[in-house]
Amino acid sequence: MTAPQHVIFGTGAIGLATFEALSSRGETVRLVNRSGQARVPAEVEVVGGDASDPEFTTAVAKGARVVYQTLNPSYPEWTAQFPGLQAGVLAAAQANGARLVSMENVYMYGRPAGRPLTEDRSYNAHTKKGQLRGRMARELLASHIAGRVEVAIGRASDYFGPRGGAQSNLGDRVFAAALAGKTATVLGDPDQPHTYTYIPDIGEALAVLGEHPDAPGQVWHVPNDPDTRTTRQLVDIVYRHAGQPRTKLRAVSPLMLRALGLFNPTVRELAEMQYQFEEPFIVDSSKITTKLGVHPTPIDDALNITLTTYRHN
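All values derive from a computational prediction rather than experimental measurement.

**Q** Kindly report on the domain arrangement of the protein, identifying the contributing residues and their values.
**A** Interface size, as often reported, equals the accessible area lost upon joining of the parts. Assigned domains within the protein: domain 1 (6-160 + 196-227 + 282-297) and domain 2 (165-192 + 229-277). With centres defined by C-alpha atoms, the gap from domain 1 to domain 2 works out at 26 Å. Every contact between the two is made by 15 residues of domain 1 and, on the other side, 17 residues of domain 2. For the pair domain 1 and domain 2, the number of links is three salt bridges. Here Lys129 makes a salt bridge to Glu272, at a shortest N to O gap of 2.7 Å. Applying the counting criterion to the domain 1 and domain 2 interface returns eight residue pairs in polar contact (both at pLDDT 80 or more). Taken together, the elements giving at least two residues each to the side of domain 1 that touches domain 2 come down to helix 4 (128-145) and strand 7 (158-160). Sort the elements by how many residues they give to the side of domain 1 that touches domain 2 and strand 7 lands first, with three residues. In terms of residue class, the side of domain 1 that touches domain 2 is made up of six nonpolar, three polar and six charged.

Next up, the structure:
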């Protein structure tokens, strides 16, 4: 295998968005997942293996300048799998002298409590997934401070966009419904302001974190629209672009989610995260815009592009 400049662990929506951002720069990229298969052009190298195995990760990342961690186990497997996966990717970056760019969410902060989430916010998670995220983030930054590996962390709010799929609150249950003129379904209170992050903007931000000299040693919220709208307002935009005369929207209440969770382990894990939709949930990303010059795609454009991908697929 010819040594690539960039190795991305994970080929989900964010991993592929990062690949596209790097490819647009003419960079050589290797993708790594468990199966060794991904929906990418045939000439793109995809390697299969266990990312929790440091021998495998170190070998597959040999010669890389930047390693990206975009892995995301299923919710029921988070506690069991996530620490080992991060440890494997961290070992690969350290052994190869590569910068590690790690993709995170904002679970570690806990409840907003009436204030926008910023990168200097203390970790006050009351959920098991948020507490795990906090421990994992501290581990990465400790490795950077100790001089073992260069680390830059990107954090996104709930995402939407191409390949967002069923796991996105603004995903299959909204865009496909709008195109069919049916009722969209969302989680939580649709009338609370809520930050959603566009997937291609996440990929662009991670690519910048991999190349910018000022990125390491810090946490960066990837770019979001600074004019935070409610979920209902965003769904209204989707229906308008879909040419529908009116929005049809159904919200799943916490009580209903808990009831569904009795039969579905993934839904059961969603229940503890519903605090994010009970009050204004605003993620400030002015730091990356001001200091690194990464700007969000205008929300109206982002929603329209996403709808177009659903229409074509």
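**Q** Tell me about the environment of Tyr75, and please be specific about residues and values.
**A** Examined against the element boundaries, Tyr75 turns out to sit in the loop between strand 4 (66-69) and helix 3 (78-96). Judged by its relative accessible area of 16%, Tyr75 is buried. Sequence separation between Tyr75 and Ala146 is 71 residues; the distance between their C-alpha atoms is 31 Å. Residues contacting Tyr75, with those up to four places away along its chain left out, are Tyr107, Lys129, Thr266, Glu269, Leu270 and Met273.

**Q** Pulling in residues and values, what's your account of the layout of surface pockets?
**A** Here the idea is plain: a probe the size of a water molecule rolls over the atoms and shows the empty space left. A volume near 1200 Å³ is recorded for the largest pocket. When residues of the lining of the largest pocket are traced back to their parent elements, those giving at least two are helix 1 (13-23), strand 2 (29-33), helix 3, strand 5 (99-104), strand 7, strand 8 (184-187), helix 8 (254-261) and helix 9 (265-270). When its residues are assigned to classes, the lining of the largest pocket shows 24 nonpolar, 20 polar and six charged. If you count residues domain by domain, the lining of the largest pocket takes at least three from each of domain 1 (6-160 + 196-227 + 282-297) and domain 2 (165-192 + 229-277).

**Q** Account for empty space enclosed by the protein, with residues named and values stated.
**A** Throughout the structure, instances matching the rule amount to two cavities of 30 Å³ or more. Approximately 70 Å³ is the volume attributed to the largest cavity. His194, Thr195, Tyr196, Asp225, Asp227, Thr228, Arg229, Leu234 and Ile299 together form the lining of the largest cavity. Looking at the lining of the largest cavity residue by residue, the class counts come to three nonpolar, three polar and three charged. Those elements giving two or more residues to the lining of the second largest cavity turn out to be strand 9 (196-198) and helix 11 (299-312). For the lining of the second largest cavity, the element with the most residues is strand 9, which contributes three residues. Its residues placed into classes, the lining of the second largest cavity shows seven nonpolar, three polar and two charged.

Cut-offs applied
Starting from 1, residues in each chain are numbered consecutively following that chain's sequence as written. For a predicted model such as this one, the threshold for reporting local features is a pLDDT of at least 70, and the threshold for listing and counting side-chain atom pairs is 80 or more; totals across whole chains, interfaces and linings nevertheless cover every residue. Remark: hydrogens and water are excluded; side-chain values derive from all non-hydrogen atoms of the structure. Boundaries between domains were set according to an automatic or database domain assignment. Contacts are residue-level and defined by heavy atoms, with any inter-residue pair within 4.5 Å sufficient. A pair is scored as a salt bridge if a Lys or Arg side-chain nitrogen falls within 4 Å of a carboxyl oxygen belonging to Asp or Glu. Polar contacts, as counted here, are pairs of nitrogen or oxygen atoms within 3.5 Å of one another; within protein the pair requires one atom able to donate a hydrogen and one able to accept it, and residues that are adjacent in sequence qualify only if both atoms are side-chain atoms. The way it works is that DSSP assigns letters per residue, a run of H or I at least four long becomes a helix, a run of E at least two long becomes a strand, and they are numbered from the N terminus. Following the grouping adopted for this structure description, the nonpolar residues are Ala, Val, Leu, Ile, Met, Phe, Trp, Tyr, Cys and Pro, the charged ones are Asp, Glu, Lys and Arg, and the polar ones are all others, Gly among them. Only protein chains enter the calculation, and the probe is 1.4 Å; a residue is then buried if its accessible area is under 20% of its type maximum, exposed if over 50%, and partly exposed in between. Points on a 1 Å grid over protein atoms alone make up a cavity when a 1.4 Å probe fits among them but cannot get out, and a pocket when they form an open set with protein on both sides within 12 Å along at least five of seven lines; lining residues each have an atom within 4 Å of a point. Grid points are joined across faces, edges and corners, and a volume is the space filled by probe spheres set on the points.

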